[in-house]
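Secondary and tertiary structure notes
Here is how the chains run, residue by residue.
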Amino acid sequence: MSKKLVVSLVCVFVVVAVVLILFWTLFALSSVTVSFQSTLSNLSLTEDEIVEAGQFHYGSCVLFDNKKTAIEKINDKAKEDERFAYIRVVNIETVFPNKYVVHVAERERLFAVRNSENVFICDRDFRVLDVKQDFDATSEDCVLLKGLQIENSEISVGDFLQIKQTYMLKFFSAFLQNNRTLREVVGKFSEAILSTYSDDFTGEQYHQIEINSASGQKFLIKNPDFAFANKVALLYSVESALFSQKTDNDNILDSDGNQIFLIKNEHGEFLPYTQGSDEDKVSLTYSLLEKCQIVVDNLTLSDFVDRTEADIFYYLKQI
């Protein structure tokens, strides 16, 4: 072996050794802290308890450590300690060269889901935060959810409900996209009833959500699997346009002071009047509006017509 080759190999060995030393000393995990991203009402865990649950590998290189494993361990801790049900790990931040910051938030009590035996208090991800024998609307600031199909065979605090209507995992996200806070949504709506319907033209089965407000207003979002956030935006827009307008005695007026007219179709639904026979139009009154449900739907979906999220509309349905 030549002298030059030996020198080259020694240099390479030295470089590799230095890199490894840096990895296992400079980047060796030395400390883990916790940062709370929200105010705490039900989360009573200490920082030390959260860090201990993560079972972090001190001394391992932060560049190659699997932080997902620590997150899973913190989540799974709820099987042993129900207090961990309220914790949501937002992420684990690496602070170079050798520290972790666990960002956590408190899961909020948003849904009350009733089955044959119990009522499960859940957050937006349908993690079970509490199990009750009955639901008391005066003490629980939650949306009572009816018609949810649960596929879990057994359910305990800390479990995630396996639900058939997966669109409900996007329920609160659709409102957040329209600048509505979680507490605002829970304060406005008292219950949501899930069901299905058959499209009049195609015969296809779709989901729908009937939402009732605490003040007595009734709404129906049809096919939330399509343009959910857009339908929520339209729902709020129509509510504001109809319930917040001026009145002339019982008649509702638009922003220009003109009377609002509707037309009733063969299904008994009231749609915005644009043109047609004046004999067919109906004046929108508060007396009529109070008896109606605001329905948000989309144009018929088929393989032959391209639809976008703008292809949605509303109508009033007397109930």
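Above this text sits the structure in question.
In this text, all values refer to a predicted model and were calculated from it rather than measured experimentally. (Residues numbered from 1 in each chain as written. Predicted model: local features only at pLDDT ≥ 70, side-chain atom pairs only at ≥ 80, totals over all residues. Heavy atoms only, no water.)

1. Quick look at the side chain of Asn212
Rules: Runs of E in the DSSP output that reach at least two residues are strands. Runs of H or I that reach at least four are helices, and both are numbered from the N terminus. We call two N or O atoms a polar contact when they sit within 3.5 Å, provided that within protein one can donate a hydrogen and the other can accept it, with sequence-adjacent residues counted only if both atoms are side-chain atoms. Should any heavy atoms of two residues lie within 4.5 Å, those residues are counted as being in contact.
By the element assignment, Asn212 lies in strand 9 (residues 205–213). At 2.8 Å, the side chain of Asn212 forms a polar contact with the side chain of Glu191. What Asn212 contacts, discounting residues up to four positions off in sequence, is Phe189, Ser190, Glu191, Ile193, Gln217 and Lys218.

2. A few points about the sheet that holds strand 13 (residues 261–264)
Convention followed: Pairing between two strands requires that DSSP report at least two bridges joining them. For helices, the fitted line uses only the C-alpha atoms of the stretch in contact; every axis is such a line through C-alpha atoms, and the angle between N-to-C directions lies from 0 to 180 degrees.
Strand order in the open sheet made by the twelve strands is 6-5-4-7-8-9-10-16-17-14-13-15, with mixed pairing throughout. Pairing within the sheet leaves two strands with one partner each, and these edge strands are strand 6 (128–132) and strand 15 (281–283). Strand-to-strand, the axes of this sheet are offset by a mean angle of 30°, without reference to chain direction. Judged from the three bridges that link them, strand 13 and strand 14 (residues 269–272) form a sheet pairing that is antiparallel. Opposite Lys264, over in strand 14, you have Phe270 as the bridge partner. Across the face of the sheet, helix 6 (residues 228–243) comes into contact with strand 8 (189–198), strand 9, strand 10 (218–222), strand 16 (292–298) and strand 17 (312–318) while running at roughly 145° to strand 16.

3. Digging into the pairing of strand 10
In the case of a regular strand, side chains alternate between the two sheet surfaces. Counted only if it meets this: Each residue's exposure class comes from its accessible area (1.4 Å probe, protein chains only) as a fraction of the maximum for that residue type: buried when under 20%, exposed when over 50%, partly exposed otherwise.
Counting buried residues in strand 10 gives four out of five residues, a clear majority hidden from the surface. Relative to strand 10, strand 9 runs antiparallel, the two sharing five bridges. Residue pairing across strands places Ile209 opposite Ile221, the latter belonging to strand 10. Remark: four residues form the turn of the hairpin made by strand 9 and strand 10, two consecutive strands paired antiparallel; Gly216 in that turn has positive phi of roughly 100°. Looking at chain direction, strand 10 and strand 16 are connected through three bridges and run parallel. In the sheet register, Phe219 faces strand 16, and the bridge partner there is Ile294.

4. Section: a nonpolar patch on the surface
Keep this limit in mind: Distance thresholds for patches are 9 Å for like charges and 5 Å for nonpolar side chains (Val, Leu, Ile, Met, Phe, Trp, Tyr), applied to residues having over 30% relative accessible area and no salt bridge. The accessible surface values rely on the Shrake-Rupley method and a 1.4 Å probe; as for residues, cover is taken only from the protein chains in view. By convention in these notes, a salt bridge is any Lys or Arg side-chain nitrogen within 4 Å of a carboxyl oxygen on Asp or Glu.
A cluster of nonpolar side chains, namely Leu63, Phe64 and Phe96, defines an oily patch on the protein surface of about 350 Å² accessible area. Within the element layout of this structure, Phe64 appears in the loop between helix 2 (47–54) and helix 3 (67–76). Here Phe64 falls in the exposed class, since its relative accessible area comes to 60%.

5. Let's talk about the packing of aromatic side chains
Selection rule: Paired rings are identified among Phe, Tyr and Trp, the last through its six-membered ring, by centres lying within 6.5 Å, and are further divided according to the angle between planes into stacked (under 30 degrees), edge-to-face (over 60) and tilted (the rest). For a ring to carry a charge above it, either NZ of a lysine or CZ of an arginine must fall within 6 Å of the ring centroid while also lying within 35 degrees of the normal to the ring plane.
The full count for this structure, using the stated rule, is 13 aromatic pairs. Relative to Phe96, the ring of Phe27 has its centre 6.4 Å away and its plane inclined at 90°; by these criteria the two rings are edge-to-face. With a gap of 69 residues between them, Phe27 in the loop between helix 1 (3–26) and strand 1 (31–36) and Phe96 in the loop between strand 2 (87–95) and strand 3 (99–106) connect regions that are remote in the sequence. On the accessibility criterion, Phe96 (55% relative accessible area) is exposed. Summarising the aromatic geometry, the rings of Phe171 and Phe172 are spaced 5.1 Å apart at their centres and angled 85° between planes, so their arrangement reads as edge-to-face. The class for Phe171 is buried, based on a relative accessible area of 1%. Above the face of the Tyr236 ring, Arg180 is positioned so that its terminal group lies 3.8 Å from the ring centre.

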